[in-house]
Amino acid sequence: MSRIDDMFKDLKGKKAFCVYLMSGYPDNETCLEIMELCSKYVDFFELGMPFSDPSADGPLIKTAGTIALEKGASTKSTLELIKKFRKTNNKTPIVWMGYYNSIFNSNIIKEIELSGADGLLTVDLPIEEFKRLPKTNLDIIRLITPTTDKSRISEILKGASGFIYFVSIAGITGTKEAQDLAIKNTVEYIKANTTIPCMVGFGIRDAQKAKKICKFSDGVIVGSALIKIISQNLNNKKEMFAKLEEFLAAFTQLNVEL
Amino acid sequence: MNYPDEYGYFKEFGGVFVAETLIPLVKNLQNEWNKAKNDPEFWNKINYYHKYYTGRPSPLYYAQRLSEYLGGAKIYLKREDLNHTGAHKINHCIGQILLAQKMGKTRIIAETGAGQHGVATATACALFGMKCIIYQGAIDIERQKPNAFRMKLLGAELHAVEDGSKTLKDAVTAAMQDWVSNVDDTYYLLGSVMGPHPYPEMIRTFQSVIGQEVKAQIQELEGRLPDSIVACVGGGSNAMGIFYPFIEDKEVSLIGVEAGGLGLDTKYHAATLAKGKKGVFHGMLSYFIQNDDGQIIEPYSVSAGLDYPGIGPEHAMLRDSKRAEYTSIKDNEALDAFHKLSTLEGIIPALESAHAIAWAIKKAPELPKNHIMVVNVSGRGDKDIFTVADKMGVKICQE
């Protein structure tokens, strides 16, 4: 059982709340503090490894990545960040999210595993190329999108582990809003055909939206909305943390019927 | 064996590395392309437009004064600069727009560096009544003003890309983001032998008309194959187009010329094969200029069309198998060649093509007089006169 499996098991059917944070944003030290703050509210993390040319990300996450890289973020600093977080938290799962080129030229997957991360999500590595990944204990997270048809969903579900990430919009992060009715059918189809949980991400801006999505999914992933709060309060850390806490607290009601 | 294989690999290079959202679109494009490439009706249409619209075949011209001036190899110029729109890019635009039309797509997106592919795409869209959106880096728009304006005149919507280095790499990323966001009605009309399969194969096939013509023309003029063929390489479309029909003719040397910028010992170049490492970017496994941590490094060249940190996967294969040789030419050498061709032959080449000409100027004097060298003049230089004037310290228009 992986840490991700344990986490879902402990939820006992309650909805999971995951946030996406960009490694090294707004800087390494603050990023760790934000992770520690978030860990009080979230069930797990996606930790983004910044990339120079993030083709699946909208302006908010792209800008965050650029700033992180300027501040010196790297695969090495991201591994260090996970190790530091693990010193005080051995429970909250972490999914390393990034682009394939960051892990293509190195043996980093073993190091990601050893750092204390639990999953790996590579935006631009389709399932046909998973054979390139070395053997690992990390859960390799698979994506399903609104353009994925039923026969491909079956292919993707074969051998899936951890959870399924349903990308609720055809587009880049932080742009369109998820249309809950349009995605409900696909998520229900996925859940009928797999035993692992199905999380929904992209286009979920607030707790209201999250609650609607959670009526049929196993949880939600929030990225750009959180990055936005950080980006709007770069000069006032106290304010940033207060606003983050306010935003996160609203999501603790995910399991309350509206 | 013929490359790519059914998975889009040129030996270890190529493939399909895109976000899951795009996978069904890429597979659909593979199916449509596989049907079209064996459909004589489809090729009849392409050939019709090549002949009556683009003005093909383009001449193969013996550059007598240049050859005599250099005193070595006999240099022929393949005049892709004489095509309608002024470059080879129209070859793959006609092919792709006909495919887009077959697929029922109504909205065309494309990236452009120097603006040659953007102009050719905008032209094809006007010709077929399609909506056209072009992404071009803000810096490239500035250094290629005539082409930027030309695209607007042709009815295209021009989007300035302000991300990253604001050049070709960022324009490709922006176009891919548009594609992922508009999956139903949009065809991504890629401008080089790069990106996910089937683009590298498809664009090479459309561009192969250049090499096929050269083969027939040189037979007629010289009664034999050339000894060497030279072309500039950014993504590599004009080079692949002129190389491909000669791949099996092992006696013909194939030489690709990358942009050496300010020199390979500086950070300012776009010489991917010389200085890049294997990686995955923009949908393909190939060589890329990147740091040790896999971050793509912003390239540099005086020529906007060569200013790209990657290279088409087939070139990566040809280099590693040693079937083709790749070299580089610096900014100042390309500028010098730009002037030489203008004054010796009355042909103003694109700064991209000037890199291939510069290599010929460098090598021809060392070669015997019976050495036949074909240089691909992939585009004309009208778009570059502002850049060149600036380098010469000449002011040619009032602010």
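All values derive from a computational prediction rather than experimental measurement.

A. View of the sheet that holds strand E4 (residues 74-79) of chain B. All names here are of chain B. Reading across the sheet, the 6 strands line up as E3-E4-E14-E9-E10-E13 and stay open at both edges, with mixed pairing between neighbours. Sheet topology places strand E3 (60-62) and strand E13 (324-330) at the edges, where each strand pairs with a single neighbour. Put simply, the sheet's adjacent strands are angled 25° from each other on average, direction ignored. Pairing geometry for strand E10 (residues 253-261) and E13, over 7 bridges, is parallel. Bridging across to E13, Glu 258 finds its partner in Ser 328. Strands in contact with helix H14 (residues 331-345) are E3, E4, E10 and E13; relative to E13, the strand with the most contacts, it is inclined by about 90°. Where helix H15 (residues 351-363) meets the sheet, its contacts fall on E4, strand E9 (228-232), E10, E13 and strand E14 (372-377), and the angle it forms with E14 comes to roughly 160°.

B. The arrangement of the sheet that holds strand E2 (residues 44-48) of chain A in detail. Pairing is parallel across the open sheet formed by 9 strands, whose spatial order is E5-E4-E3-E2-E1-E9-E8-E7-E6 (chain A). Edge positions in the sheet fall to strand E5 (139-140) and strand E6 (142-144) of chain A, since each of these pairs with one other strand and no more.

C. Looking closely at the environment of B:Val280. For B:Val280, the position within the fold is in strand E11 (residues 277-281). Look at B:Val280 and you get buried, because its relative accessible area is 1%. Each C-alpha atom of the pair B:Val280 and B:Asn44 lies 36 Å from the other, and the pair is 236 residues apart in sequence. Other than its neighbours up to four places away in sequence, B:Val280 contacts A:Tyr100, A:Asn101, A:Phe104, B:Phe17, B:Leu285 and B:Phe288.

D. Expanded view of the domain arrangement of chain B. Residues and elements named next belong to chain B. Partitioning chain B into structural domains gives domain 1 (22-50 + 89-203) and domain 2 (55-86 + 208-392). If you average the C-alpha positions of domain 1 and of domain 2, the two centres end up 22 Å apart. Opposite the 32 residues of domain 1 that make contact, domain 2 presents 36 residues. At the boundary of domain 1 with domain 2, total buried surface from both sides reaches about 2600 Å², with 58% on carbon and sulfur atoms. Our enumeration of links across domain 1 and domain 2 arrives at 1 salt bridge. Inspection of the domain 1/domain 2 interface yields 15 residue pairs in polar contact (both at pLDDT 80 or more). The set of elements that each furnish at least two residues to the side of domain 1 that touches domain 2 consists of helix H4 (89-102), helix H5 (116-128), helix H6 (138-143), helix H7 (145-153), helix H8 (168-181) and helix H9 (199-207).

E. Structural detail: unusual backbone geometry. Cis geometry is adopted by the peptide bond preceding B:Pro4, which originates at B:Tyr3 and carries an omega value of 5°. Along the polypeptide, B:Pro4 turns up in the segment before strand E1 (9-10). With a phi close to 75°, A:Phe202 is a non-glycine residue in the positive phi region. Positionally, A:Phe202 belongs in the loop between strand E8 (198-201) and helix H9 (207-214). The class of A:Phe202 is buried, set by a relative accessible area of 13%. One non-glycine residue with positive phi stands out, namely B:His282, at about 50°. Looking at the element boundaries, B:His282 is found in the loop between E11 and strand E12 (283-288).

F. The packing of aromatic side chains, seen in detail. A complete count under the given rule lists 25 aromatic pairs over all chains for this structure. Aromatic side chains B:Tyr62 and B:Tyr76 sit 5.5 Å apart centroid to centroid with 40° between the ring planes, which places their arrangement in the tilted category. Here B:Tyr76 lies in strand E4 and B:Tyr62 lies in strand E3, a separation of 14 residues in the sequence. Its relative accessible area of 27% is what places B:Tyr62 among the partly exposed residues. Among the aromatic residues, those joined into a ring-pair cluster are A:Phe51, A:Tyr99, B:Phe281 and B:Phe288. Of note, B:Arg319 hangs over the ring of B:Tyr287, and the distance from its end group to the ring centre comes to 4.9 Å.

Analysis parameters
Residues numbered from 1 in each chain as written. Chains lettered and ligands numbered in written order. Predicted model: local features only at pLDDT ≥ 70, side-chain atom pairs only at ≥ 80, totals over all residues. Heavy atoms only, no water. Pairing = 2+ DSSP bridges. Helix = DSSP H or I, 4+ residues; strand = E, 2+ residues; numbered from the N terminus. Axes fitted to C-alpha atoms, helices over the stretch in contact; angles between N-to-C directions. Contact = heavy atoms within 4.5 Å. Buried < 20%, exposed > 50% of the residue type's maximum accessible area, 1.4 Å probe, protein only. Domains from an automatic or database assignment. Buried area = accessible area lost by both parts, 1.4 Å probe. Salt bridge = Lys/Arg side-chain N within 4 Å of Asp/Glu carboxyl O. Polar contact = N/O pair within 3.5 Å; in protein donor to acceptor, adjacent residues only side chain to side chain. Phe/Tyr/Trp six-rings, centres within 6.5 Å; stacked < 30°, edge-to-face > 60°. Lys NZ or Arg CZ within 6 Å of the ring centre and 35° of its normal.

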